Amino acid sequence: MSYDDAIAALSNDALKLVRDNYIIGLGSGRAATTLVKSLGKLIRIKNYNIRGIPTSLQIKLVAEKVGIPLVEADQVSHIDVVFDGADQIDSQKYVIKGGGGALLRENILFSLAKKVIVMADSTKFVKNFTRSVPVEVHPLARNSVTSSIQKLGGKAQLRSLDRGYPFFTENGNIILDCDFGTIKNPKVITQKIKQTTGVLESGIFLRKPDIIYRAKTGGKFDIL
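Scope of this entry: the structure provided in the associated data block. Sequence order sets the numbering: in each chain, residues are counted from 1 along the sequence as written. Reporting of local features is limited, given that this is a predicted model, to residues whose pLDDT is at least 70; pairs of side-chain atoms are given and counted only at 80 or more, and all residues count toward the totals for whole chains, interfaces and linings. With hydrogens and water set aside, each side-chain value is computed from the structure's full complement of heavy atoms.

1. A short note on the overall build of the protein
Put simply, DSSP H or I for four residues or longer makes a helix, DSSP E for two residues or longer makes a strand, and each gets a number counted from the N terminus. What the protein contains, in helices and strands, is six helices and 13 strands. Taken against the 2.2 N^0.38 rule, which gives 17 Å for 224 residues, the C-alpha radius of gyration of the protein at 17 Å falls within 12% of a compact globule. Oriented by its inertia axes, the alpha-carbon framework of the protein measures out at about 55 × 35 × 35 Å. Categorising residues by exposure relies on relative accessible area from a 1.4 Å probe, with only protein chains included: less than 20% of the type maximum marks a residue as buried, more than 50% marks it as exposed, and the intermediate range marks it as partly exposed. The burial tally for the protein puts 50% of its 224 residues in the buried class. Taking as baseline every contact in the protein between residues at least 6 positions apart, the subset at least 24 positions apart corresponds to 76%. The size measure is the radius of gyration over C-alpha atoms, and the globule rule it meets is 2.2 Å times the number of residues to the 0.38 power. By definition, residues are in contact when any of their heavy atoms lie within 4.5 Å.

2. Considering the sheet that holds strand E4 (residues 88-89)
Any two strands with at least two DSSP-identified bridges between them are counted as paired. If you walk across this open sheet you meet the three strands as E4-E5-E11, and the pairing is antiparallel. Across the chains shown, the open sheet's two edge strands, defined by having one partner strand only, are E4 and strand E11 (204-205). Alignment of strand E5 (residues 95-96) against E11, held across two bridges, turns out to be antiparallel. Considered in E11, the bridge of Ile96 is made with Ile204.

3. Observations concerning the packing of helix H2 (residues 30-46) against helix H3 (residues 57-65)
Axis definition: a line fit to C-alpha positions, over the contact stretch in the case of helices; interaxial angles, taken between N-to-C directions, run 0 to 180 degrees. Between H2 and H3, the shortest axis-to-axis distance is 9 Å and the interhelical angle comes to 20°. The angle between the axes of H2 and H3 places the two elements in the roughly parallel class. Judged by the twist between their axes, the crossing of H2 over H3 is right-handed. Residue-level contacts link Ala32, Thr33, Val36 and Lys37 of H2 to Gln58, Ile59, Val62 and Ala63 of H3. Residues were grouped as follows: Ala, Val, Leu, Ile, Met, Phe, Trp, Tyr, Cys and Pro as nonpolar; Asp, Glu, Lys and Arg as charged; and all remaining residues, including Gly, as polar. Partitioned by chemical class, the residues of the contact of H2 with H3 number five nonpolar, two polar and one charged. In what follows, roughly perpendicular refers to angles from 65 to 115 degrees, roughly parallel to angles under 35, roughly antiparallel to angles over 145, and oblique to any angle outside these ranges. Put simply, a crossing is left-handed when the front helix is turned counterclockwise from the back one by less than a right angle, and right-handed when it is turned clockwise.

4. Topic: unusual backbone geometry
A positive phi is found at Asn21, a non-glycine position, where the angle reads about 70°. For Asn21, the location among the structural elements is in the loop between helix H1 (4-14) and strand E1 (23-26). Positive phi is not limited to glycine here, since Lys93 has a value of about 75°. One can find Lys93 in the loop between E4 and E5.

5. Re the nonpolar core
Only buried Ala, Val, Leu, Ile, Met, Phe, Trp, Tyr and Cys residues count toward a nonpolar core, and they belong to the same one when joined by side-chain atoms within 4.5 Å. Membership of the largest hydrophobic core comes to 29 residues, with the highest contact counts inside it found for Val18, Ile24, Val36, Leu39 and Phe83. When contributions to this core are tallied by element, the ones reaching two or more residues are H1, E1, H2, H3, strand E3 (81-84), strand E6 (116-121) and strand E12 (211-215). The dominant element in this core, judged by the number of residues it contributes, is H2, at six residues. Aside from chain neighbours lying at most four places away, what touches Val36 is Leu26, Ile59, Val62, Ala63, Val66 and Ile68. With 22 residues, the next largest nonpolar core counts Val76, Val118, Ala120 and Ile212 among its residues.

Following this line, the structure appears as structure tokens:
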């Protein structure tokens, strides 16, 4: 059953947190795309002076289409609120992000934000992380980081496109998708990953969301 109605409903509810003159971080993915479209309507209706900071070219194009003025993260000292999705959320409220490859930019926005709002459908919620952890890596460090991940008990796979070409992030880096099996202590794992030379960012974010929206079927949602 589709979660689209619930995503639309929770997006409208989340926009209650937006005020005039806010700087807003615009995450990537399905939920964030829906929210950005709703934010564009809100700005037109209320004539708000809002500036958005996109985490990817994908969301930048959506924001431009709906008329949201954009700036870059290095042009601001803070972000009032970030709206973003997640690939998985565990029982401790840590999130894994980076399925779309924008984890470095997303984590920068998280670090600048006064408030972080994460939106996801109920399939993304687990007791412990079970999916692979995206790790953004400088291309020159591919082999050394792969070896380090193995020493941490993980198995690193270079992310590739359909035709076999390596996937490159918008920052010119590669992604290693790292399988650690079931992760019961995500904070320790991500700290060790981030200490590895050549790693730019780990997909397990240490900054937990302030508010989590969980979309359910039938157009319903709850707030955690």
